[in-house]
Each structure stands twice: as structure tokens, then as C-alpha cells.
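# Summary of structural features
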Amino acid sequence: MLSWPPRSKQQPPVLRGTIPYVSNTVQYMTNAGAFLDRVSNQLKETKSNIIKFHVGFTPAYIVTGSPEVLDVNFLMLRMMEAHWGVSPAELGQVPAPGTEHTPDDQRYWHGHDRLYVDYLTNRKYSDALAETFYRLFSERLDRQPVAEWTTVNLFQFLKATMAESAVISLFGSQIVDLNPGIIEAYWDFDAIAGPLAWGLPQLSAAPVALAIEARLHEMTRRHIDSAWEHFDWDGPDAEATWDPHWGSRLSRESARWLRQGGFSNHAAAGHTLATLFGLNGNTVPITTWAMIEAIKDPSLFQALREEAQSAYTATDPKTGTKHIDAQKLVALPLMQSLYVETMRLHVSLNIARQAKQPLEIDGFRVRQGALVQTCSQVAHYDEAVWAAGGHPATEFWGWRHVKEVEVVDEGSGETVTRRQFAMKARPSSFFSVWYVFPRGGYVMCPGRHFAKQEILLAVAVLVSKFDMEFVEWTNPDDGSRSDRPGLDDRRYAAFLAMSPDREMKIRWRRNW
Ligand code: HEM
């Protein structure tokens, strides 16, 4: 943990590298997984909570803890330049009325934060998004034949169907109708989005990466232009929870906010592009890993099915549609345990902040302007914290966060054993590591309520509708048989949830 009273130490342990300034920067950019392994090992070796390295010539630190004097805006400003495509003129424009006295580096967030709080985190809108997602995803599953075994590539299937359902829920159906191939274009972008945000020379110079980003940006621009042209702001959909042009209220209000703030349609399209990354980059790989674990373990699959079925409420007699109570679902013990356990093992985030003033962390001096990061991977694999019931922290165990408790049954008055969700430890860093900042707002992921519903709704409907059997692991590039199971794709390490690096081929049969 951090200790704030100054100690005599001046410089923390430095991450070893063969060529000063070069080796660590290059590995950080090109192989963050291996980089993080070295960081973890050296933190353990030196028994330190902080380690220093350089990104180019900028000093950077990885810490464990929660300093409160770090600038949260710098990452978003970098995103605005790298992904939104905001021009220098837009970055230097006049503040909106009422925000004239806001410090320069903070004024873009006036109003922007509120959009997320009001239209994404807010229960009414996160529930609306989840409901639309569930309907669209179920419709896509219903295109699979009933009572017939077929073979599918699990990750490929979920990348296509979950992403399309989530994109239409958040941005409307027009974005997909206007842009054939947008979902594939998104996944191409997903693979390079993290490194591109850092704008490091090797990658930003790579024409392929830039072309991938430009293609997706063109598509989101087509959507923004069309929605502005066709949407009736005085019509009944202006405050609707969903419409085909903008989709959700969040997307509509973001467009309005950006236009009122003087941002171009190009920048607004970049904002959509960045949000697509937040929307799909974590939820789809996490759902895939959860399903991989369930398919590998038929007893877990069956237990999840039983829990999921308890959340189904009614069947529409006319359409046969089964309704599910999403709030009940996300509170079920095994479902929650599966969710936490999957996130614990596969989310790898380095949350980065910039020191606004000289800092003292764990007795070491950190200069103003340095990058300070904390990585979820180190915290989430800590044996002392997470190991339980003979299951080491490195292993998936679906029941890790479930305990059996004895309660008196209200009906019979008898003592019965019930399952209860009990987190093995505090998951410090799934949705953010550092919570409250000087600007007074939360920087915790505003999509977290929707994300949990989306992931668990997807798992619930999959285990309820289908019987599934593992066939084989394959190499995603050519479909050939893999000689090993899927592992975390370390190209995503430090940026978001890590995808499986192998495809799981399964047989499945839809039952309803
Ligand atoms: C398992 C799923 C998800 C995980 C692990 C996750 C993680 C995170 C984290 C760690 C941050 C904060 C980064 C920081 O502090 O600098 C963040 C921010 C954000 N996330 Fe998520 N997220 C998930 C799903 C979603 C979903 C479904 C959405 C829906 C649109 C979303 C939208 C956003 C947005 C808009 C931000 C930026 C917030 C800001 O500007 O303050 N996320 N996410």
C-alpha cells in the first residue's frame, strides 16, 4: 500500500532493460503481456509497491494503491486527439457559457461527465439498453435451427452477434444499415485501438493500423451525418429510450452536446468510434471466456442453466417470447461469481494518470508530468488474496465467490442451505482503480451496470436455449486444429479484457 509520510528513499526500483529508454518502451508497446510479467516479477522481488520505467523519455511508474493527485483528464485528452480526431482549433476553442472559469485542462469534461451519469449509469437508461440488447441478441440466436446439432466457432459467433446487438442498442439500426461490414471493421480496429491511443511512433506510423482506423471513422461519420440530416429533434423520438437514427438517449444527447460545444461531425464520429471500443472491447471477450468455462465443465453449465431459468418470469402466449427479469438475474449467486471470476482472470488494465504536481509515493519522489499507472493483473493474481478451497488464484473456479449459508425458510420454517454470493476479496480494478478525483467526479466506468447486465443476459440466454458440446480448439487465422487450449491474447494486456487467442469450436442444439 501507499504510505504518504515522506521517507528518505529518493528513487524507486527501476525496471531492468537492456537498452536504456528503448527496451522497456518497445516491449511496453509491442508485447505488454510480457512487459507486465516482468513488472510483476520485479515488484515481488524488490518487495516494492512502485517501479519506474520510461515511455520514450517520459518517466512512468507502476504503483499499487490510490493516489489522489493525479490528472484523470490527460488520458481523455489523448483519446480526443488520437481517436476522436479533434483538431488543434477545436482543442483551443472558447469555453461554453458558464464554464469560463473552469481550468483549461478540465473544461471539456463539464457536461460530458454528466451525459454518462444521466444517460448511461442511470438505472432507467442502463435497463433500457439491456432490454434492447436482450431482444436483439435473442432474435439473432433464434436464427439457429431448432432441435438440430450444428457446429459454430464460439468467439466468432459472439463477436458478430453480441457486438451487432450492442451497437444497435446504443447507436441505432441506421449505423449498421448504412455501413455493411461495420462489425468486422470494428473488430479490426479493436485489435489495434489500445496502442493507437498512445500514438507511439512505431505503430502510429504503421499504415495498416491507420487505414483500419480511418475506415471505421468513415463509417461512424456516415452515421453521424445521416442522423443529423434525418432525425426530427421536435418529434416524438427526441426523448425516447431508442430510435433508429441515434439509438439510445446517450448517443442522441452526446451528439447534441458535441455540436453545441462546437465540435465538428468528424470529431463526433471519432467520439462514436471511441465509445464502440468501450462498448464491445470488454463485454464480448468476457462473455466468451465465461461460456468457454461453462462448456468445459458440464456441471457448471447445468448449475448456471438452473439459476438462469429461475430468472425467467413469463412466456408471452401469443409470440412464445420468454421474458427474463434482468435485475433478478444479476443478483443470482453463481451468475455473480462467474462474472467476477471471469473479470478477475481476464481483464488486464493499466489505468494511467499524469502527476499534476510532484508526488511522494511509498516514500519515493515522482516528478510532475510523469505517468503513473496501476495494473489490474498484478492485484488480481495475488495468491494471498484470492486463493480459496484448494484453487490457486491463477485458476478459474466458478464457485470461488459463492458460499453456502443456513437460513430459515419463510414458508416451512425449516432451516435450509442456500447459496450466497460472497466476493473472495475486493476487486479493486475491473472498472477503474482510482475512484474519486479532484475534479469531483467518478471516473469509474459509466457503462458498468449495462455491462454486467449484458454479459449475464448473454450467458443466461445461451445456457438456457442451447445444449453445447466442446469439439476442438482451432487457430483463428486458418481454422486448423490447435495443439493447445485458448489462452489470454497478450496483445490486449494492459489495455482491456484479453480475448482468447484460440477459437473454441463447439456443437450446439437450440431447444427453444
Ligand atoms: C466488462 C466490461 C467493461 C469494463 C471492464 C470496463 C472498464 C472500464 C474502465 C476501467 C474505465 C475507466 C478507465 C479510467 O479510469 O481511465 C472505463 C471507462 C469507460 N467505459 Fe467501460 N468497461 C466495460 C464496459 C463498458 C460498456 C458496456 C460501456 C458502454 C458504452 C462502457 C463505456 C465506458 C465509457 C464511455 C468510459 C469513459 C468514461 C469517462 O470518460 O469518464 N464501458 N471502462
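Residues numbered from 1 in each chain as written. Predicted model: local features only at pLDDT ≥ 70, side-chain atom pairs only at ≥ 80, totals over all residues.

As annotated in an unreviewed UniProt entry, the protein carries the name Cytochrome P450 and is attributed to Podospora appendiculata.

Attention shifts here to helix α7 (residues 154-171). For α7, spanning 18 residues, the distance from its first C-alpha to its last is 25 Å, which sits close to the expected 26 Å at 1.5 Å a residue. Counting buried residues along α7, 14 of its 18 residues qualify, which places the element largely inside the surrounding structure. Just downstream of α7, G172 is the residue with a positive phi angle, here 90°. (Helix = DSSP H or I, 4+ residues; strand = E, 2+ residues; numbered from the N terminus. Expected span 1.5 Å × (residues − 1). Buried ≥ 20, exposed ≤ 12 C-beta atoms within 10 Å, placed from the backbone.)

Before going further, it helps to spend a moment on helix α5 (residues 112-121). Listed as buried for α5 are Y116, Y119 and L120. Down the axis of α5, the buried set is contained in an arc of 105°. They therefore lie on one face. Among the structural elements, α6 (123-141), α12 (249-260) and α20 (448-465) are those in contact with the buried residues of α5. (Arc of directions from axis to C-beta. Contact = placed C-beta atoms within 7 Å.)

Here the UniProt-annotated "binding site: heme" (unreviewed entry) positions come out as C445. As for its placement among the helices and strands, C445 is situated in the loop between β14 (415-421) and α20. For C445, a count of 18 C-beta atoms within 10 Å gives the class partly exposed. (UniProt positions renumbered as here; feature names shortened; annotations may be inferred.)

Contact pair α7 / helix α13 (residues 265-280): the axes reach a minimum separation of 10 Å and the direction vectors enclose 130°. When the interaxial angle is binned, α7 and α13 end up oblique. The way α7 lies across α13 gives a crossing that is right-handed. Here α7 contributes A163, A166, V167, L170 and F171 to the contact with α13, which in turn contributes T272, L276, L279 and N280. For the contact of α7 with α13, the class distribution of residues is seven nonpolar, two polar and no charged. (Axes fitted to C-alpha atoms, helices over the stretch in contact; angles between N-to-C directions. Parallel < 35°, antiparallel > 145°, perpendicular 65-115°, else oblique. Left-handed = near helix turned anticlockwise from the far one by under 90°. Nonpolar A, V, L, I, M, F, W, Y, C, P; charged D, E, K, R; others polar.)

Attention now moves to the pairing of strand β9 (residues 350-355). For β9, the tally of buried residues reaches five of six residues, placing the bulk of the element in the interior. Bridge count for β9 against strand β12 (residues 371-375) is five bridges, and the pairing is antiparallel. Among the inter-strand pairings, I351 is bridged to a residue of β12, identified as T374. (Pairing = 2+ DSSP bridges.)

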